[in-house]
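What follows is the residue order along each chain.
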Amino acid sequence: MKNLYIKIFLFFPMLCFAQIPTIETGDGKGGYEKNNQVVLQKLNIETKITGRISTNIVTMVFKNYSNRLREGRVTFPLPEGVNASGYALDINGKLRNAVPVEKEKAREVYETIKKRNIDPGILEKVEGNNFRTTIYPINANGGERTVQITYNYELKKSGNSYEYFLPLNYTSEIPEFNIKTTVFQSTNPPQLEEKPDGNFDFVKNGNVWVAETHRTKYRPGNNLKINFPQNNDSQSVLIQKALGDSSYFLANIAVNSNERAKKLTNKLAIVWDNSLSGKKRDHSKELSLLEEYFKTNNNLNVKIYFLNNTFEEGQAFKINDGNWNELKAYLLKTTYDGGTDFGQLKSIREDEILFFTDGLSSFGELKLSWNKPTYTISSSNNVNFNQLKFISNKTGGEFLNLSENDPKKEVKKLLSQPLKFLGIENNAQLSEIYPSLTQTVSQDFFTDRDFKGKSDNGKSKIRVWK
């Protein structure tokens, strides 16, 4: 194969998940399909954690067991709010790092290189927090190709700890599986709340903690969750110069959110995604959330709606003294079939909506006619986070991530009125602010600002609402 210069193409639709890639091969008709001839042969996950930031390098080796040359399309999910920061593809036996470019430039380079009968590597973001790349050629009779994805993950606050989470539950066997996690500059031992197998434990070497496991013919069944207890609340401010007179500002602010109880509805709608993909959600966590919710809001009327390729009304229930056994039994009997069409959503009469879904629409585009507070709830490993956050923000609700967070803690979002970050007061020196939209403040909060000229030395005021 000729040498080539790889371009990385990141495309963000207007619309992160087992951390396991999937591969499909060309079907000869211009599409792609799964088969057992080209497989994920080896998966290596290396994570380095320093403070609140982790750097994750995921190396995937794909093997072609068929007797003809193949093209593969690899889809790789990333956690909520995370983007790929690095991409590499093996060329002539060596991994070559990609260069990020704009969409139009990437397509121009892609078409130019393809005319020379060379397939360039392009990484693009597709629906959900999934990234996709095409690899060609994968030689016949045991030929292998290697793809590497790098991303940074900010540990999330959970009680008095920061938490690292890596979803690994996967239904297929991986011939070679390696995982290594290194924690730097930590005097206290990291606490393993969940781990891939019994051999994965941290060993200390100075101020460095290392845990690793190497398995063959492995089918991951457990996630990796690590807690880092914090002794006290702290806040820090960092200003770093960029090119020219520009600077970057990052503030880590310890906030006592003091959520206040809200007036609970007595007319609740539950919209239950019963498409075929809905069967893969963690229904035990969803039911656990409802169990906790009905302990507090224990006398109300609940109406069920179902969404797949149609939108249908289900039964209505009366919850008395927190007894929701009939409703629970009804949900457990749900039949999951068909695709998901967000274009089928219709107006709802109830005062508040709990929407259980992965946010992935197979057919129509979202037509949001709801004007009642909508709480989008995900327990899936493959989620369109942006879609669900858009729905909840647009309607004045919240997004609940049950895949990463304990339902007993997430239920507070349904029962209380949280502190909100509204933005930063106008300042002509500011060129960009993150987050740019209203955000819920939960326990701690980060904001960063990009200055066009000299730093304002923190004079811009952060506005919050409670």
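All values reported here derive from a predicted model rather than from experimental measurement.

Thresholds applied
One numbering rule holds for all chains: residues counted from 1, following each sequence as written. Per-residue local features of the predicted model are confined to residues with pLDDT of at least 70, and side-chain atom pairs are confined, for both listing and counting, to 80 or more; whole-chain, interface and lining totals are unaffected and use all residues. Side-chain measures here rest on the full set of heavy atoms in the structure, leaving out hydrogens and waters. Labels follow the DSSP assignment, with helices taken as runs of H or I lasting at least four residues and strands as runs of E lasting at least two, numbered in each case from the N terminus. When accessible area is computed with a 1.4 Å probe and restricted to protein chains, residues below 20% of their type maximum are described as buried, those above 50% as exposed, and intermediate ones as partly exposed. Two residues qualify as a contact provided that any one of their heavy atoms is within 4.5 Å of a heavy atom in the partner residue. Whether two strands pair comes down to DSSP finding at least two bridges between them. By salt bridge we mean one thing: a side-chain nitrogen of Lys or Arg within 4 Å of a carboxyl oxygen of Asp or Glu. Each axis is a line fitted through C-alpha atoms, taken for helices only over the stretch in contact, and angles between the N-to-C directions span 0 to 180 degrees. Here roughly perpendicular refers to angles of 65 to 115 degrees, roughly parallel to angles under 35, roughly antiparallel to angles over 145, and oblique to all remaining angles. Left-handed describes a crossing whose near helix is turned anticlockwise from the far helix by less than a right angle; the clockwise case is right-handed. Three categories are distinguished: nonpolar for Ala, Val, Leu, Ile, Met, Phe, Trp, Tyr, Cys and Pro, charged for Asp, Glu, Lys and Arg, and polar for the others, with Gly belonging to the last. We treat Lys and Arg as the positive residues and Asp and Glu as the negative residues; His and chain ends play no part in the count. In the analysis that follows, any N or O atom pair within 3.5 Å is treated as a polar contact, provided that within protein one partner can donate a hydrogen and the other can accept it, and provided that, for residues neighboring in sequence, both atoms belong to side chains. Working definition of a nonpolar core: buried Ala, Val, Leu, Ile, Met, Phe, Trp, Tyr and Cys residues. They are joined through side-chain atoms within 4.5 Å.

Trainee: Tell me about the environment of Asn266, residues and numbers included.
Mentor: One can find Asn266 in the loop between strand 22 (260-261) and strand 23 (267-273). Assessed through its relative accessible area of 43%, Asn266 is described here as partly exposed. Placed 32 residues apart in sequence, Asn266 and Asn298 show a C-alpha to C-alpha distance of 9.1 Å. Residues contacting Asn266, with those up to four places away along its chain left out, are Asn299, Leu300, Asn301 and Asp351.

Trainee: An account of helix 4 (residues 385-395) is requested, with residue identities and associated values reported.
Mentor: Along helix 4, the positions that sit buried rather than exposed are Phe385, Gln387, Leu388, Ile391, Ser392 and Thr395. For helix 4, the secondary structure elements touched by its buried residues are strand 26 (352-356), strand 27 (374-378) and strand 28 (399-401). Trailing helix 4 by a residue or two, Gly396 shows a phi angle of about 85°, which is positive.

Trainee: Go over the sheet that holds strand 6 (residues 70-77) with me, naming the residues and quoting the values.
Mentor: Taken together, the five strands give an open sheet; going across it, the order is 3-2-6-11-10, and neighbouring strands pair in antiparallel fashion. A strand with exactly one partner marks an edge of an open sheet, and here the two such strands are strand 3 (32-33) and strand 10 (123-126). In this structure, strand 2 (residues 22-26) lies alongside strand 3, joined through two bridges in antiparallel fashion. Of the residues in strand 3, the one forming a bridge with Thr25 is Glu33.

Trainee: Could you give an account of the pairing of strand 18 (residues 208-218), naming the residues involved and the relevant values?
Mentor: As paired strands, strand 15 (residues 174-184) and strand 18 are joined by nine bridges and run antiparallel to one another. For Ile174, the partnering residue across the bridge sits in strand 18 and is Tyr218. As paired elements, strand 17 (residues 203-205) and strand 18 share three bridges and run antiparallel to each other. Residue pairing across strands places Lys204 opposite Trp209, the latter belonging to strand 18. Hairpin connection of strand 17 to strand 18: two residues between the antiparallel strands, including Gly206 at a positive phi of 70°.

Trainee: Lay out the pattern of salt bridges with the relevant residues and their values.
Mentor: A side chain of one charge can pair with a side chain of the opposite charge when the charged atoms of the two come close. With the rule as written, the count across this model stands at 13 salt bridges. Linking Lys195 and Asp201 is a salt bridge whose minimum nitrogen-to-oxygen distance equals 2.9 Å. Given the relative accessible area of 27%, Lys195 is considered partly exposed. The partner of Arg349 in a salt bridge is Glu313, and the shortest N-O contact between them spans 3.9 Å. One end of the pair, Arg349, is in the loop between helix 3 (325-332) and strand 26; the other, Glu313, is in strand 25 (residues 311-319), with 36 residues separating them in the sequence. The exposure class of Arg349 is exposed, given its relative accessible area of 56%. Among the charged side chains, a network of salt bridges with common partners joins Lys303, Glu313 and Arg349.

Trainee: Account for the packing of helix 2 (residues 283-296) against helix 3, naming residues and giving values.
Mentor: Direction vectors running N to C along helix 2 and helix 3 enclose 165°, while the axes themselves pass 12 Å from each other. In terms of axis orientation, helix 2 runs roughly antiparallel to helix 3. Seen along the crossing, helix 2 lies across helix 3 with a hand that is right-handed. Judged by residue contacts, Leu287, Leu290 and Phe294 of helix 2 engage Leu327, Lys328, Leu331 and Leu332 from helix 3. Taken together, the residues that form the contact of helix 2 with helix 3 break down as six nonpolar, no polar and one charged.

Trainee: Give a description of the side chain of Glu350 that names residues and reports values.
Mentor: Topologically, Glu350 is positioned in the loop between helix 3 and strand 26. We note that Glu350 is buried and unpaired, the nearest opposite charge coming from Arg349 at a distance of 4.8 Å. Within the local environment of Glu350, its side chain forms a polar contact with the side chain of Tyr305, the two groups lying 2.9 Å apart.

Trainee: Mind laying out the nonpolar core, listing which residues take part and the relevant values?
Mentor: The biggest cluster of nonpolar side chains holds 46 residues, and the ones touching the most others in it are Leu43, Met60 and Tyr164. For this core, the element with the most residues is strand 4 (residues 38-50), which contributes five residues. Apart from residues lying up to four places away in sequence, Met60 is in contact with Pro21, Leu40, Lys42, Leu43, Phe76, Arg145, Thr146, Val147 and Ile149. The next biggest cluster of nonpolar side chains, apart from the first, holds 27 residues, and it includes Phe294, Phe306, Phe317 and Leu354.

Trainee: Pulling in residues and values, what's your account of the pairing of strand 11 (residues 130-138)?
Mentor: Across the nine residues that make up strand 11, a large majority, seven, are buried. As judged from the seven bridges shared by strand 6 and strand 11, these two strands associate in the antiparallel manner. Paired with Arg73 across the strands is Thr134, a residue of strand 11. Note that strand 10 and strand 11 share four bridges and pair antiparallel. Bridge pairing in strand 11 places Glu124 opposite Arg132.

Trainee: Before we move on, could you go through the sheet that holds strand 19 (residues 224-229) and cite the residues and values that matter?
Mentor: Backbone-to-backbone hydrogen bonds join strands into a sheet, with any given pair of strands oriented parallel or antiparallel. Spatial strand order, 13-14-19-16: four strands in an open sheet with antiparallel pairing. The sheet is open, and its two borders are formed by strand 13 (156-158) and strand 16 (191-194), each paired with just one other strand. Here the strands of the sheet are splayed against their neighbours by 35° on average, with no regard to which way each runs. For strand 13 and strand 14 (residues 161-166), the ladder comprises three bridges, and the chain directions are antiparallel. Each bridged residue has a counterpart across the sheet, and for Lys156 the counterpart in strand 14 is Glu163.

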